[in-house]
Amino acid sequence: MLIHALNPHECREVLGRSDLGRLGCARFDQPYVVPIHFSFDSDRDCVYAFSTVGQKILWMRENPKVCLEVEEIRDKDHWTTVLAIGRYQEIHQSPEEAEARRRAEQLFLQRRGWWLPAAAKVTGHEHPDVVVFRVQIDRLTGRRTINKNG
Ligand SMILES: Cc1cc2nc3c(=O)[nH]c(=O)nc-3n(C[C@H](O)[C@H](O)[C@H](O)COP(=O)(O)OP(=O)(O)OC[C@H]3O[C@@H](n4cnc5c(N)ncnc54)[C@H](O)[C@@H]3O)c2cc1C
(Lines give C-alpha, C1' and ligand atoms only; values in the text may rest on other atoms or scores of the structure.)
Protein backbone atom coordinates (compact mmCIF):
# COMPACT_ATOMS: atom_id res chain seq x y z
CA MET A 1 0.00 0.00 0.00
CA LEU A 2 1.16 3.50 -0.85
CA ILE A 3 -0.11 6.76 0.51
CA HIS A 4 -0.70 9.61 -1.90
CA ALA A 5 -0.77 13.25 -0.81
CA LEU A 6 -3.85 15.00 -2.17
CA ASN A 7 -3.53 18.34 -3.90
CA PRO A 8 -5.76 21.23 -2.76
CA HIS A 9 -8.28 20.52 -5.54
CA GLU A 10 -8.63 16.88 -4.45
CA CYS A 11 -8.99 18.01 -0.81
CA ARG A 12 -11.80 20.36 -1.80
CA GLU A 13 -13.55 17.54 -3.67
CA VAL A 14 -13.57 15.50 -0.45
CA LEU A 15 -14.94 18.45 1.55
CA GLY A 16 -17.60 19.01 -1.11
CA ARG A 17 -19.04 15.51 -0.86
CA SER A 18 -18.81 15.31 2.96
CA ASP A 19 -20.92 16.80 5.68
CA LEU A 20 -19.43 15.27 8.82
CA GLY A 21 -16.08 16.03 10.38
CA ARG A 22 -14.19 16.26 13.64
CA LEU A 23 -13.67 19.80 14.81
CA GLY A 24 -10.62 20.37 16.99
CA CYS A 25 -10.05 23.45 19.09
CA ALA A 26 -7.80 24.20 22.03
CA ARG A 27 -7.64 26.40 25.09
CA PHE A 28 -4.81 26.70 27.60
CA ASP A 29 -2.94 23.86 25.83
CA GLN A 30 -5.90 21.51 26.18
CA PRO A 31 -7.26 20.10 22.88
CA TYR A 32 -10.98 19.37 22.49
CA VAL A 33 -12.45 17.41 19.54
CA VAL A 34 -16.14 16.87 18.70
CA PRO A 35 -17.98 15.55 15.66
CA ILE A 36 -19.96 18.19 13.76
CA HIS A 37 -21.90 18.53 10.55
CA PHE A 38 -20.75 21.17 8.11
CA SER A 39 -21.41 22.58 4.65
CA PHE A 40 -18.48 23.40 2.39
CA ASP A 41 -18.54 26.63 0.41
CA SER A 42 -16.09 26.16 -2.46
CA ASP A 43 -16.49 29.77 -3.64
CA ARG A 44 -15.39 31.21 -0.31
CA ASP A 45 -13.12 28.37 0.80
CA CYS A 46 -14.80 27.91 4.14
CA VAL A 47 -17.14 25.51 5.91
CA TYR A 48 -20.29 26.63 7.71
CA ALA A 49 -21.68 24.97 10.81
CA PHE A 50 -24.42 25.48 13.35
CA SER A 51 -24.22 24.98 17.10
CA THR A 52 -25.70 25.82 20.44
CA VAL A 53 -23.42 27.73 22.78
CA GLY A 54 -21.37 25.27 24.79
CA GLN A 55 -17.77 24.39 25.45
CA LYS A 56 -16.52 24.38 21.84
CA ILE A 57 -18.07 27.77 21.04
CA LEU A 58 -16.71 29.33 24.25
CA TRP A 59 -13.27 27.89 23.56
CA MET A 60 -13.21 28.95 19.89
CA ARG A 61 -14.24 32.48 20.87
CA GLU A 62 -11.13 32.59 23.06
CA ASN A 63 -8.85 30.86 20.58
CA PRO A 64 -10.10 30.92 16.96
CA LYS A 65 -7.33 28.64 15.63
CA VAL A 66 -9.11 25.40 14.73
CA CYS A 67 -8.76 22.25 12.70
CA LEU A 68 -11.41 20.18 10.91
CA GLU A 69 -10.69 16.56 10.06
CA VAL A 70 -12.83 14.86 7.41
CA GLU A 71 -12.52 11.22 6.52
CA GLU A 72 -13.69 8.56 4.12
CA ILE A 73 -12.57 5.31 5.70
CA ARG A 74 -13.52 1.91 4.32
CA ASP A 75 -10.87 -0.03 6.19
CA LYS A 76 -7.19 0.31 7.09
CA ASP A 77 -6.17 -0.18 3.44
CA HIS A 78 -8.76 2.10 1.84
CA TRP A 79 -9.13 5.59 3.21
CA THR A 80 -8.92 9.27 2.50
CA THR A 81 -8.48 11.94 5.14
CA VAL A 82 -8.39 15.69 4.82
CA LEU A 83 -7.29 18.28 7.36
CA ALA A 84 -8.48 21.86 7.09
CA ILE A 85 -6.58 24.26 9.28
CA GLY A 86 -8.33 27.56 9.73
CA ARG A 87 -9.96 30.23 11.81
CA TYR A 88 -13.28 30.24 13.63
CA GLN A 89 -15.49 33.16 12.64
CA GLU A 90 -18.95 33.69 14.05
CA ILE A 91 -21.61 34.92 11.62
CA HIS A 92 -23.89 37.30 13.45
CA GLN A 93 -27.42 38.47 12.70
CA SER A 94 -26.22 41.85 11.50
CA PRO A 95 -26.74 43.70 8.20
CA GLU A 96 -22.99 43.45 7.45
CA GLU A 97 -23.10 39.68 7.75
CA ALA A 98 -26.51 39.09 6.16
CA GLU A 99 -24.98 37.81 2.91
CA ALA A 100 -22.74 35.27 4.67
CA ARG A 101 -25.65 34.12 6.81
CA ARG A 102 -27.88 33.71 3.75
CA ARG A 103 -25.17 31.70 2.03
CA ALA A 104 -24.74 29.45 5.08
CA GLU A 105 -28.48 28.91 5.42
CA GLN A 106 -28.79 28.16 1.70
CA LEU A 107 -26.18 25.40 2.05
CA PHE A 108 -27.65 24.07 5.33
CA LEU A 109 -31.02 23.65 3.62
CA GLN A 110 -29.48 21.12 1.23
CA ARG A 111 -29.15 18.76 4.21
CA ARG A 112 -32.34 17.22 5.59
CA GLY A 113 -32.76 17.90 9.32
CA TRP A 114 -29.68 20.15 9.16
CA TRP A 115 -30.26 21.56 12.66
CA LEU A 116 -29.90 18.09 14.24
CA PRO A 117 -28.19 16.97 16.35
CA ALA A 118 -26.65 20.43 16.93
CA ALA A 119 -29.86 21.84 18.37
CA ALA A 120 -30.92 18.70 20.25
CA LYS A 121 -31.26 19.22 23.98
CA VAL A 122 -28.87 17.49 26.37
CA THR A 123 -30.75 16.18 29.39
CA GLY A 124 -30.43 18.62 32.26
CA HIS A 125 -28.69 21.28 30.12
CA GLU A 126 -30.11 24.52 28.76
CA HIS A 127 -28.38 26.07 25.74
CA PRO A 128 -30.61 28.94 24.73
CA ASP A 129 -28.26 30.58 22.23
CA VAL A 130 -27.47 29.23 18.78
CA VAL A 131 -24.54 30.21 16.65
CA VAL A 132 -23.81 30.01 12.93
CA PHE A 133 -20.11 30.02 12.26
CA ARG A 134 -17.61 29.33 9.56
CA VAL A 135 -14.13 27.91 9.55
CA GLN A 136 -12.19 30.05 7.09
CA ILE A 137 -9.67 27.65 5.59
CA ASP A 138 -6.00 28.68 5.59
CA ARG A 139 -4.36 25.36 4.77
CA LEU A 140 -5.57 22.05 3.35
CA THR A 141 -3.79 18.73 3.34
CA GLY A 142 -5.05 15.30 2.41
CA ARG A 143 -3.88 11.73 2.16
CA ARG A 144 -5.31 8.73 0.37
CA THR A 145 -4.28 5.12 0.14
CA ILE A 146 -3.35 3.64 -3.22
CA ASN A 147 -3.80 -0.09 -3.63
CA LYS A 148 -2.61 -2.06 -6.62
CA ASN A 149 -5.42 -4.57 -6.15
CA GLY A 150 -8.15 -1.98 -5.73
C1 LIG B 1 -22.92 12.71 13.84
C2 LIG B 1 -22.89 13.91 14.75
C3 LIG B 1 -23.10 15.17 14.20
C4 LIG B 1 -23.08 16.30 15.02
N5 LIG B 1 -23.29 17.53 14.47
C6 LIG B 1 -23.21 18.63 15.25
C7 LIG B 1 -23.31 19.93 14.68
O8 LIG B 1 -23.46 20.12 13.47
N9 LIG B 1 -23.20 20.98 15.52
C10 LIG B 1 -23.04 20.82 16.85
O11 LIG B 1 -22.96 21.83 17.57
N12 LIG B 1 -22.95 19.62 17.41
C13 LIG B 1 -23.02 18.52 16.65
N14 LIG B 1 -22.91 17.27 17.21
C15 LIG B 1 -22.78 17.17 18.67
C16 LIG B 1 -21.35 17.55 19.09
O17 LIG B 1 -20.49 16.48 18.81
C18 LIG B 1 -21.26 17.92 20.56
O19 LIG B 1 -21.66 16.84 21.36
C20 LIG B 1 -22.17 19.09 20.90
O21 LIG B 1 -22.06 20.11 19.94
C22 LIG B 1 -21.84 19.67 22.27
O23 LIG B 1 -20.55 20.23 22.24
P24 LIG B 1 -20.18 21.38 23.28
O25 LIG B 1 -18.74 21.66 23.13
O26 LIG B 1 -21.14 22.50 23.15
O27 LIG B 1 -20.35 20.60 24.65
P28 LIG B 1 -21.20 20.97 25.94
O29 LIG B 1 -22.65 20.73 25.67
O30 LIG B 1 -20.78 22.30 26.44
O31 LIG B 1 -20.73 19.77 26.88
C32 LIG B 1 -19.69 19.88 27.82
C33 LIG B 1 -18.98 18.57 28.05
O34 LIG B 1 -19.65 17.44 27.52
C35 LIG B 1 -18.74 16.55 26.89
N36 LIG B 1 -19.20 16.30 25.51
C37 LIG B 1 -19.72 17.21 24.63
N38 LIG B 1 -20.02 16.62 23.47
C39 LIG B 1 -19.65 15.32 23.59
C40 LIG B 1 -19.71 14.21 22.72
N41 LIG B 1 -20.20 14.30 21.43
N42 LIG B 1 -19.26 13.03 23.17
C43 LIG B 1 -18.75 12.92 24.43
N44 LIG B 1 -18.68 13.94 25.31
C45 LIG B 1 -19.13 15.12 24.89
C46 LIG B 1 -17.37 17.20 26.89
O47 LIG B 1 -16.53 16.52 27.79
C48 LIG B 1 -17.62 18.59 27.37
O49 LIG B 1 -16.66 19.01 28.29
C50 LIG B 1 -22.88 16.15 16.42
C51 LIG B 1 -22.65 14.87 16.95
C52 LIG B 1 -22.65 13.78 16.13
C53 LIG B 1 -22.40 12.43 16.73
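Everything here concerns the structure above.
Draft legend 1. How the structure looks around the state of the cysteines. In the structure shown here, the tally under the stated rule is zero disulfides. Cys11 takes part in no disulfide bond, and the closest cysteine sulfur, belonging to Cys67, lies 12 Å away. Not engaged in a disulfide, the cysteine Cys46 finds its nearest cysteine sulfur in Cys67; these two sulfurs lie 16 Å apart.

Draft legend 2. Seen up close, the site of the ligand. Around the ligand lies a shell of 14 residues, among which Tyr32, Pro35, Phe50, Gln55 and Lys56 are the nearest. The side chain of Tyr32 places a nitrogen or oxygen atom 2.8 Å from an oxygen atom of the ligand. For the ligand, an oxygen atom lies 2.4 Å from a polar atom in the side chain of Gln55. In isolation the ligand offers 880 Å² of accessible surface; the protein chains occlude 60% of this area. Those elements that provide at least two residues to the shell around the ligand are strand E3 (30-37), strand E5 (46-52) and helix H2 (55-62). Ranked by residues supplied to the shell around the ligand, first place goes to E3 with five residues. Split by residue class, the shell around the ligand holds eight nonpolar, five polar and one charged.

Draft legend 3. Geometry of the pattern of salt bridges. Counting across every chain of the model gives 13 salt bridges. Residues Asp41 and Arg44 are paired through a salt bridge, measuring 3.3 Å at the closest nitrogen-oxygen approach. With a relative accessible area of 0%, Asp41 lands in the buried category. The exposure class assigned to Arg44 is partly exposed, which follows from its relative accessible area of 35%. Across the pair Asp138 and Arg87 runs a salt bridge whose closest N-O atoms are separated by 2.6 Å. Residue Asp138 is located in strand E8 (residues 130-146), and its partner Arg87 is located in strand E7 (residues 78-91); the two are separated by 51 residues in the primary sequence. Each of Asp41, Asp43, Arg44, Glu99, Arg102 and Arg103 takes part in a single network of salt bridges with overlapping partners.

Draft legend 4. Here's a closer look at the nonpolar core. Formed by 27 residues in total, the largest nonpolar core has its most connected members in Leu15, Leu23, Met60, Leu68 and Phe133. Counting residues per element, the ones that place at least two in this core are helix H1 (8-16), strand E2 (20-27), E3, E5, H2, strand E6 (65-75), E7 and E8. The leading source of residues in this core is E8, at five residues. If you look at the next biggest cluster of nonpolar residues, it comprises ten residues, including Cys46, Tyr48, Phe50 and Trp114.

Analysis parameters
Residues numbered from 1 in each chain as written. Predicted model: local features only at pLDDT ≥ 70, side-chain atom pairs only at ≥ 80, totals over all residues. Heavy atoms only, no water. Disulfide = S-S within 2.5 Å. Near = heavy atom within 4 Å. Polar contact = N/O pair within 3.5 Å; in protein donor to acceptor, adjacent residues only side chain to side chain. Areas by Shrake-Rupley, 256 points an atom, 1.4 Å probe, with all protein chains shown as cover. Helix = DSSP H or I, 4+ residues; strand = E, 2+ residues; numbered from the N terminus. Nonpolar A, V, L, I, M, F, W, Y, C, P; charged D, E, K, R; others polar. Salt bridge = Lys/Arg side-chain N within 4 Å of Asp/Glu carboxyl O. Buried < 20%, exposed > 50% of the residue type's maximum accessible area, 1.4 Å probe, protein only. Core = buried A, V, L, I, M, F, W, Y, C linked by side-chain atoms within 4.5 Å.

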